[in-house]
Each structure stands twice: as structure tokens, then as C-alpha cells.
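Listed below are the residues making up each chain.
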Amino acid sequence: MAGIDFKSGKIIYDEFHVDFTKSFLEQIDSLKEDLLQVKYTDDYLLDLGWYPEYKVDGKFVVQLIKDRNWDAPVYRACCKSQEQLRQILETAINFVSK
């Protein structure tokens with residue numbers, strides 16, 4: 001995602017092709033569960049996806065996963081707008097970078 005500093009994180013998966021100047025309906029094929037993953041030390045994974053996949057009425061979900069425990073994220077937040085997404089990602093990045 002352009003303009004985001006993932007600090008010490010290493011992007012290991014990037015299929016984020018959402019264009020916020022277009023409607024979600026115009027880019028329904030870009031609204032996937034697997035959009036972005038960033039790996040951090042101490043076995044943290046930042047995960048970004050759209051849920052439910054391929055549904056206009058869905059939302060972005062940002063999670064921080066520790067030790068591959070997907071059932072209990074250490075951080076989870078949802079949003080729909082670009083500004084909110086940026087804020088949520090920065091909160092997650094700051095959490096894991098402490």
C-alpha cells in the first residue's frame with residue numbers, strides 16, 4: 001500500500017490493488033480475503049483482507065497474528081475508507097514495532 005512505512009516488516013504477499021478513486025463495485029475482483037501480509041520479528045504477521053470476499057458491502061480487516069494463532073489475533077480492526085485503513089495499519093505497525 002503506497003505511502004505506508006512498514007518499518008522493520010518484510011512484505012511477503014501483496015495483492016492490494018484497490019483504487020480508492022473508483023467505487024468498490026467497479027473493482028469487485030480486487031476485494032479479496034488475501035490482500036497483504038507483512039512479516040515481523042518475534043513471529044508477528046500483519047494481515048490485511050476484505051471480508052466477505054468479492055462483496056461490495058464488505059470491509060477491510062487488519063489483524064496482527066502472533067505465533068500463527070489465527071484464532072486469537074493480538075490486534076484486529078475493520079474499516080471501509082482509505083483514511084481509516086491508513087490509521088488502522090499505522091496502529092498495528094506501531095504495536096508490533098515497539
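That block above? That's the structure.
Residues numbered from 1 in each chain as written. Predicted model: local features only at pLDDT ≥ 70, side-chain atom pairs only at ≥ 80, totals over all residues. Heavy atoms only, no water.

Draft legend 1. Structural detail: the sheet that holds strand E4 (residues 59–66). One open sheet holds the five strands; their spatial order is E1-E2-E3-E4-E5, and the pairing between them is antiparallel. Both edges of this open sheet fall to strand E1 (10–14) and strand E5 (75–79), since each of them pairs with a single strand only. Neighbouring strand axes in the sheet, compared pairwise and without regard to direction, differ in orientation by 15 degrees on average. Where strand E3 (residues 44–51) meets E4, eight bridges bridge the pair, whose relative direction is antiparallel. The residue of E4 that forms the bridge with Leu 48 is Val 62. (Pairing = 2+ DSSP bridges. Helix = DSSP H or I, 4+ residues; strand = E, 2+ residues; numbered from the N terminus. Axes fitted to C-alpha atoms, helices over the stretch in contact; angles between N-to-C directions.)

Draft legend 2. Representation of the environment of Gly 58. On the secondary structure map, Gly 58 appears in the loop between E3 and E4. When its relative accessible area of 3% is taken as the criterion, Gly 58 is described as buried. A sequence separation of 21 residues divides Gly 58 from Cys 79, and the C-alpha atoms of the two residues are 9.1 Å apart. Discounting residues that sit within four places of it in the chain, Gly 58 has contacts with Trp 50, Tyr 51, Pro 52 and Lys 80. (Buried < 20%, exposed > 50% of the residue type's maximum accessible area, 1.4 Å probe, protein only. Contact = heavy atoms within 4.5 Å.)

Draft legend 3. Structural detail: the pairing of E3. For E3, a buried count of seven out of eight residues is recorded, marking the element as mostly surrounded by other parts of the structure. As paired elements, strand E2 (residues 36–40) and E3 share five bridges and run antiparallel to each other. Residue pairing for E3: Lys 39 is matched across the bridge by Leu 45.

Draft legend 4. Fine view of the pairing of E5. Residues Tyr 75, Ala 77 and Cys 79 of E5 are buried on one face, while the alternating residues Arg 76 and Cys 78, pointing to the opposite face, are not. As defined by bridge partners, E4 adjoins E5 across five bridges and the pair is classed as antiparallel. Paired with Phe 60 across the strands is Cys 79, a residue of E5.

Draft legend 5. Spotlight on the nonpolar core. Membership of the largest hydrophobic core comes to 26 residues, with the highest contact counts inside it found for Tyr 40, Leu 46, Leu 48, Phe 60, Val 62 and Leu 85. Elements supplying a minimum of two residues to this core: E2, E3, E4, E5 and helix H1 (82–96). The greatest single-element share of this core, amounting to six residues, is contributed by H1. In this structure, Tyr 40 is in contact with Phe 6, Ser 8, Gly 9, Leu 46, Ile 93, Val 96 and Ser 97, ignoring residues within four places of it in sequence. (Core = buried A, V, L, I, M, F, W, Y, C linked by side-chain atoms within 4.5 Å.)

Draft legend 6. Fine view of the side chain of Ser 30. As for its position among the elements, Ser 30 is in the loop between E1 and E2. Each residue touching Ser 30, except ones within four places of it in the same chain, is listed here: His 17, Val 18 and Leu 35.

Draft legend 7. Just the packing of aromatic side chains, in detail. Per the counting criterion, the structure on display carries seven aromatic pairs. For the ring pair Phe 16 and Phe 20, a centre distance of 6.4 Å and an interplane angle of 35 degrees mean the geometry is tilted. Between the aromatic rings of Phe 16 and Phe 60, the centroid separation amounts to 6.0 Å while the plane-to-plane angle is 35 degrees, which identifies the pairing as tilted. Here Phe 16 is found in the loop between E1 and E2, whereas its partner Phe 60 is found in strand E4, with 44 residues between them in sequence. (Phe/Tyr/Trp six-rings, centres within 6.5 Å; stacked < 30°, edge-to-face > 60°.)

By themselves, these are just geometric observations and shouldn't be taken as functional.
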